[in-house]
Amino acid sequence: MDLLSNLAMGFGVALSPFTLMLAVIGCFIGTIIGALPGLGPSNGVAILIPLAFSLGLDATSSLVLMTSVYYGAMYGGRISSILLNIPGDEPALMTTLDGYPMAKQGRAGDALVLSGVASFVGAFLATIGLMRLAPLLARVAFLFGPAEYFALYLLAFATLGGIASNNQAKAALASCIGLGIAMIGVDNNSGLPRLTGGNLHLYDGVDFLVAIVGLFAVAEVFFFIESHGKGSSIGVKLEKVTIPVRDIVESGWTMLRSSAVGFVAGVLPGAGASLGSFLSYMSEKSIAGENAGFGTGAPRGVAAPEAGNNAAAGGALVPMLTLGVPGSGTTAVLLALLMTLNITPGPTLFSDRPEVVWGLIASLLIANVVLLLMNVPMVRIFVRILSVPPGVLLPGVTMVSFVGIYSLSSSYFDLLLMIGFGVLGFVLRKLDVPTVPIILGILLGGHMENSLRRAMVLSDGDWTYLFSSPIAIALWAVAIVGFIAPMFLRNVLKRPQRITD
Amino acid sequence: MLSDRIFGLVALMVALAYGASATQIQASFMADPVGPRTFPILVGCVAALCALVIILRPDDDPEWPSLRTLGALAFAVAVLVGYAYALGPFGFLLPTAIASGVLSYQIRPRLLPAALTGIRLSAGLFAIFKFILGLGLVALPASFTG
């Protein structure tokens, strides 16, 4: 078996005591990041990248650490959803719908354990799916030329803008902001500076880490100053934690179905974990019917979004690893990590550096087991950490971001740029302009332009070359449908509002 | 309505300025068929189009913070900018204590806890960065330690 020997190699890389330790640390930090409201998986991972980088970890170790954080954050988001009715991160929003009512009935412990098991099932199945699907997709991806890649990048922006936002024009504008920023700096082909305004600091371009940390972490501080940290008070108390065997068995099928739904949602570029948890909750709700009591604390309503959310997190890694196109905001940040480590995701990654891919997959499996062990018996520790007041948390996060970015370049200019991105992020989020497409634009802008230019060199300037292969045409078609269709589906796909007391 | 119209107008002007400056990009003699100008100009055009759509079909206004909160936010930005400049010449401990203390006070306006938060965060983070993560931070300005 090819798969098993690959996996054995992966475990050979990932099972060294040092990487295991990194996985445990990553899972712990990740769960905390996910649990704390105001620190989502994307900005958590973003803040940690510069630190991991300045620690001088090698590629595999930093990948293990960061993916553990990534999976951990997906686990952690449920804790504050259930106990405080505040989603710790965006995908955990659906968990508040049944998790919080369940906690108010005095079953907070049951809800936490059940959602932990559901997270495990979702993430585990998704990792298996990743192992099966990614090599296949990598083989298809070898057929991709520059024209196909250009269409694929366009597809990522189109679906991200179409599905994940409320206003197509704003999402497209955000993508343009990102792409426009990516153009700044020395042009690779001609070696001449572009759009720098003569500023020497900009000749290297804008570092995407600066943009990510600014848009996500610094902007968050401004939101907390605006709200004075309200809405993060103590919610439900956690009584005794036991394992609700009956609930787990009864929601077994729910977990399996939701994992499948979530995985598919995750694989679609641009859709990500939020859509995964949303779709799996809605489909379980309609399967269960009116009498199942969804929305009033049904155990299955807790299991479904958590399985879906974690499965989508695994699924989102498939397009990121095989095509270099991330499926969500957090995978965009992970893509940034890979690029910083000088690893270019894409089909060649599977043939050239199998130890990185399979080491990563093995460490995902390890992280998942560690997370289950950590999240069921040790849930109390995380609950206690939740009571850190935002007046301490947010300044701390800001200082960590500053030091992280400063340690990269030791330049005050990057810090100023980061603050600028923070202000921009605040204004844009106020205006309901999504910020994830900006990150994606900065990350992919250079690649997108290069594939366009290479395509034109190959065809000697003939624009019809972009639509010359069946794959390219299919990608263009999906991109257009993915961008336009949600305009008509908006009423159907409307997200349910959070329950208020 | 109004917020989106203003935002759209600003975005439109930025997009046009971006596109215009993209036409001034120097091309080298070994130009490929596309050249370094086309893609930025394309981005500028798409952005301008989006901005027009936003102006013509604006969303409802968001809830903007009050003038006082805006002032607080501006002050926070000023503190962060000051911190960015101070981190190099003044070392880690002092600027961090002041900046995080101020931010903490802005989130929860109580003087003593905020001051304590600043001092503790500064000392705690320094210990973590320096001794656990091994970053090369300077604790105090060079003139203090001689």
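Quick notes on the rules
Residues numbered from 1 in each chain as written. Chains lettered and ligands numbered in written order. Predicted model: local features only at pLDDT ≥ 70, side-chain atom pairs only at ≥ 80, totals over all residues. Heavy atoms only, no water. Disulfide = S-S within 2.5 Å. Buried < 20%, exposed > 50% of the residue type's maximum accessible area, 1.4 Å probe, protein only. Helix = DSSP H or I, 4+ residues; strand = E, 2+ residues; numbered from the N terminus. Contact = heavy atoms within 4.5 Å. Expected span 1.5 Å × (residues − 1). UniProt positions renumbered as here; feature names shortened; annotations may be inferred. Axes fitted to C-alpha atoms, helices over the stretch in contact; angles between N-to-C directions. Parallel < 35°, antiparallel > 145°, perpendicular 65-115°, else oblique. Left-handed = near helix turned anticlockwise from the far one by under 90°. Buried area = accessible area lost by both parts, 1.4 Å probe. Salt bridge = Lys/Arg side-chain N within 4 Å of Asp/Glu carboxyl O. Polar contact = N/O pair within 3.5 Å; in protein donor to acceptor, adjacent residues only side chain to side chain. Phe/Tyr/Trp six-rings, centres within 6.5 Å; stacked < 30°, edge-to-face > 60°. Core = buried A, V, L, I, M, F, W, Y, C linked by side-chain atoms within 4.5 Å.

1. Some remarks on the state of the cysteines
Counted by the stated rule, this structure contains zero disulfides over all chains. No disulfide involves Cys50(B); its nearest neighbouring cysteine sulfur is the one of Cys176(A), lying 5.0 Å away. For Cys50(B), a relative accessible area of 8% translates into the label buried.

2. So, the environment of Met66(A)
Residues and elements named next belong to chain A. Checked against the element boundaries, Met66 lands in helix H4 (residues 59–84). Judged by its relative accessible area of 0%, Met66 is buried. Counting along the chain gives 296 residues from Met66 to Ala362, while the straight-line C-alpha distance between them is 14 Å. With near-sequence residues (within four places) excluded, Met66 lies in contact with Val45, Leu48, Ile49, Ala52, Leu334 and Leu337.

3. With respect to helix H2 (residues 35–56) of chain B
In an α-helix, one turn spans 3.6 residues; hence positions three or four apart end up facing the same way. A rise of 1.5 Å per residue sets the reference length of H2(B), with its 22 residues, at 32 Å; its end C-alpha atoms lie 33 Å apart and thus fit the reference within 8%. Considered for burial, the residues of H2(B) that qualify are Gly35(B), Pro36(B), Phe39(B), Pro40(B), Val43(B), Gly44(B), Ala47(B), Ala48(B), Cys50(B), Ala51(B), Ile54(B) and Ile55(B).

4. Some points on the UniProt feature "transmembrane region" (unreviewed entry) in chain B
Following the UniProt record, one finds the feature "transmembrane region" (unreviewed entry) at residues 38–55 and 119–140 of chain B. Secondary structure across residues 119–140 of chain B comprises 64% helix and 0% strand; the distance between its end C-alpha atoms is 14 Å.

5. Quick word on the packing of helix H3 (residues 67–86) of chain B against helix H4 (residues 93–107) of chain B
All names here are of chain B. Two numbers describe how H3 lies on H4: the axes approach to 10 Å, and their chain directions differ by 170 degrees. With respect to their mutual orientation, H3 and H4 come out roughly antiparallel. The element H3 and its partner H4 pack so that their crossing is left-handed. Across the interface between the two elements, Ala72, Phe75, Ala76, Val79, Leu80, Tyr83 and Ala86 of H3 pack against Pro95, Thr96, Ala99, Val102, Leu103 and Gln106 of H4.

6. Examining the interface of chain B and chain A
Facing the 58 residues of chain B at the interface are 61 residues of chain A. For the pair chain B and chain A, the two sides together bury roughly 5,100 Å², of which 82% comes from carbon and sulfur. Counting across the chain B and chain A interface gives two salt bridges. Among the ionic pairs, Asp4(B) bridges to Lys170(A), the shortest N-O distance being 2.8 Å. Linking chain B with chain A are seven residue pairs in polar contact (both at pLDDT 80 or more), by the criterion used here. Contributions of two or more residues to the side of chain B that touches chain A are made by helix H1 (2–22), H2, H3, H4 and helix H5 (111–132) of chain B. Top element by residues in the side of chain B that touches chain A is H2(B). It accounts for eleven residues.

7. Description of the packing of aromatic side chains
All names here are of chain A. The full count for this structure, using the stated rule, is 14 aromatic pairs over all chains. Each ring, one from Tyr281 and one from Phe294, has its centre 5.6 Å from the other, and the planes form 55 degrees; the classification is tilted. Residue Tyr281 is located in helix H11 (residues 272–288), and its partner Phe294 is located in the loop between H11 and helix H12 (299–315); the two are separated by 13 residues in the primary sequence. Side by side, Tyr281 and Phe294 carry an identical accessibility label, which is buried.

8. With respect to the nonpolar core
Formed by 200 residues in total, the largest nonpolar core has its most connected members in Met66(A), Met255(A), Phe92(B) and Phe129(B). At 18 residues, helix H5 (residues 93–141) of chain A tops the list of elements feeding residues into this core. Each residue touching Phe92(B), except ones within four places of it in the same chain, is listed here: Val403(A), Tyr83(B), Leu87(B), Ser122(B), Leu125(B), Phe126(B), Phe129(B), Leu137(B), Val138(B) and Ala139(B). Listed in part, the eight residues of the second largest apolar core include Met94(A), Phe278(A), Tyr281(A) and Ala298(A).

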